[in-house]
Every structure is written in C-alpha cells, then in structure tokens.
Amino acid sequence: MKGRVVLTRITENAIDPSALLAAVADHGHGAHLLFLGTVRDHADGRPVAGMGYEAYVDMAETTLAAIAEEAATRLEGGAVAVVHRIGELELGEVSVGIAIGSPHRAPVYDANRHVIEEIKKRLPVWKHEHYTNGDAAWVEGTPLRPEAARGERVAGEGGEA
Amino acid sequence: MKTDPVHIDPALADAVPPDRMQIDVLFFASYRELAGARRRSVMLPAGASAGDLVHALRALGDGLVALPEGAAVVVNQRVVRPDHSIAPDDEVALLPPVAGG
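Residues numbered from 1 in each chain as written. Chains lettered and ligands numbered in written order. Predicted model: local features only at pLDDT ≥ 70, side-chain atom pairs only at ≥ 80, totals over all residues. Heavy atoms only, no water.

Asks: Looking at this structure, how should I read the sheet that holds strand β1 (residues 20–27) of chain B?
Replies: Strand-to-strand pairing in sheets goes through backbone hydrogen bonds, with the strands running parallel or antiparallel. Residue and element names in this part refer to chain B. With mixed pairing, the 5 strands of this open sheet are ordered in space as β2-β1-β5-β3-β4. The outermost strands of the open sheet, each flanked by one partner alone, are β2 (39–45) and β4 (78–80). On average, adjacent strands in this sheet sit at an angle of 40° to one another, irrespective of strand direction. Alignment of β1 against strand β5 (residues 92–95), held across 3 bridges, turns out to be parallel. Across the sheet, the residue bridging to L26 is A93, located in β5. Together, β1, β2, β3 (72–75), β4 and β5 form the strand contacts of helix α3 (residues 50–58), whose direction differs from that of β2 by roughly 115°. (Pairing = 2+ DSSP bridges. Helix = DSSP H or I, 4+ residues; strand = E, 2+ residues; numbered from the N terminus. Axes fitted to C-alpha atoms, helices over the stretch in contact; angles between N-to-C directions. Contact = heavy atoms within 4.5 Å.)

Written out as structure tokens, the structure reads:
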C-alpha cells in the first residue's frame, strides 16, 4: 500500500518544521525524516545577503502535488508533507521543507530524496540572489523539458543538485 | 502571484481576423524582466505552434529579442514541444530554467 500525501503547499509564510513533522506523524511509523532547504550566505564565492523566490504558483502547486504523489508510491504506508516558500527570505530561513513518515527507515530516505531532486528539476520556482554589495542576479537553473522527454538521459548533462 | 483580471474589449475581439489569434502570454523571473511585464499579448496565425510563439515574441523588437530560442513554453501548465499547436483559450507561459529548493 502506498503512502498518503497529507500536505503540499506554496506559501508566503514562514515554514514551521515542527508542524511539518506533526503532519506526517503516526504511531504506525517507526521512522520520520525532515529535510529543510535554507538560504545560504554564499554562492560561487560571492557573499549573499538574502534570496527572493518567485513562482508560477498555480503550476507549482500542481507540480508539487504530483511530486509528492510519486514519493508516496515509494512508501509502504507512510505519509508525505512538502511546503515551498516564496517571497523575500533572509539568511538561514527555510525555503523548502519535506517531511516523510513510514513504518520503516529505508523508504523515508528514498522518498525524501525523490522530492527534493524533482523539485530542482520540475518546480516552476526561481531564485533571485541578493549579494552583500547590493547587486542581484537570477540563479542559473535547470531547463524544463516536455514531460515525454523527462527521464531521457541527455549527453553531457549532470551537475549539482 | 497576483494576476491581472483579463479584460476583453468586444471591439478588439471583433478586430481579430478569423485566420489570426491573440494570445496572452505569462512571463516569470528573468523572462518577466525581458518582457517588462508579467503579461504580454501577441497576435499569431491560427494554429500557430509553441515554436512560432517564441519567434513572434523575439520579433516584437523590445527586450524580448533576448528571449532564448529554447525558452520553455508551457501550455495549460504543461511543458510542450516546439511543434505543439496553441489554441486561443490556452493559458500560455514562458518559463526560464527553474531553480527551486
């Protein structure tokens, strides 16, 4: 039996890690795993002061729900909760939170990793990096591909997650 | 994101010839900056493809000349191939490479 998706959301509000864990908590679970993506103070050697996140909200909500459902199929029982924040974030603030609960530990790592990796490839969200010297730039991202082409390997592709 | 309400001026709608269609296109992030707006309208031949749309936008002559040929075209929230035909009622968006997380 696959797991349940209990929460997916694009939000302008601060992400509460405890609430994410509570959303997937169940006495039938022997394992819970929480991933938090946070705003880092440097990028490619440049000091960063903060980050703006923009989304195509309607599509991002749909895509996040689809990704969470895929993660749920990787669980036997268990639950998935994912929230991605948009707007202006300060250093150290949580931009994405992914909580997985499951009867056993192995699938929670697999499902959690699936969610963050697919977010990087498919979620229509963009980062505007603000540097300490007052400059700003859009973070170079991953080109979106038509769905039928997804999963096909492209020569020379790879890189950082 | 807040989107502006769509106002369809009946006089303008009547002005679109039957062999043409007016498409409102949504832009995000760096492409929004190139377009100078979240939403732009472009006139295309009826049955035009996603690839035709990108060419037409680049030909508008403003900041969109810098729109990459390979820009992702999203129709009704799905990424489409360049040969995908666009219909007048489609929700169409141009998306830069994504960087969530």
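Asks: Is there a simple way to explain the sheet that holds strand β5 (residues 79–85) of chain A in this structure?
Replies: All names here are of chain A. The strand order β1-β5-β7-β2 describes an open sheet built from 4 strands, whose pairing is mixed. Each edge of the sheet is formed by a strand with only one pairing partner; in this case those strands are β1 (4–11) and β2 (31–38). Ignoring strand direction, the axes of neighbouring strands in this sheet form an average angle of 5°. As paired strands, β2 and strand β7 (residues 94–102) are joined by 8 bridges and run antiparallel to one another. Bridging across to β7, G37 finds its partner in V96. Contacts from helix α3 (residues 105–122) reach β2, β5 and β7 within the one sheet, and its direction differs from that of β7 by about 150°.

Asks: Looking at this structure, how should I read the environment of V74(B)?
Replies: Here V74(B) is to be found in strand β3. Of the residues examined, V74(B) reaches a relative accessible area of 0% and is grouped as buried. The contact partners of V74(B), leaving out residues within four places of it in the chain, are Y56(A), M59(A), V79(B), E91(B), V92(B), A93(B) and L95(B). (Buried < 20%, exposed > 50% of the residue type's maximum accessible area, 1.4 Å probe, protein only.)

Asks: Explain the interface of chain A and chain B to me, please; I cannot follow it from the model alone.
Replies: One frequent convention defines the size of an interface as the accessible area lost when the parts assemble. Contacts between the two partners involve 33 residues from chain A and, on the opposite side, 24 residues from chain B. Summing the contributions of chain A and of chain B, the shared interface buries around 2,300 Å²; its carbon and sulfur component is 58%. A per-residue breakdown of the area chain A buries against chain B is headed by Y56(A), W126(A) and W138(A), which together make up 29% of the total. Here chain A is connected to chain B by 2 salt bridges. Linking E54(A) and R38(B) is a salt bridge whose minimum nitrogen-to-oxygen distance equals 3.6 Å. (Buried area = accessible area lost by both parts, 1.4 Å probe. Salt bridge = Lys/Arg side-chain N within 4 Å of Asp/Glu carboxyl O.)

Asks: What is the right way to look at the environment of L95(B) in this model?
Replies: Summarising the element assignment, L95(B) is placed in strand β5. Along the chain, L95(B) and R32(B) lie 63 residues apart, while their C-alpha atoms are 9.1 Å from each other. Non-local contacts of L95(B), meaning those with residues more than four positions away in its chain, are made with Y56(A), M59(A), P124(A), W126(A), L144(A), F28(B), Y31(B), A72(B) and V74(B).

Asks: Is there a simple way to think about the pattern of salt bridges in this case?
Replies: For side chains bearing opposite charge, pairing can occur when the charged atoms are close. In this structure the tally under the stated criterion is 13 salt bridges over all chains. Close ionic contact of D24(B) with R39(B) constitutes a salt bridge, the shortest N to O distance being 4.0 Å. Of this pair, D24(B) sits in strand β1 while R39(B) sits in strand β2, and the two are 15 residues apart along the sequence. Several salt bridges share partner residues, and in doing so they unite E70(A), E118(A), K121(A) and R122(A) into one network.

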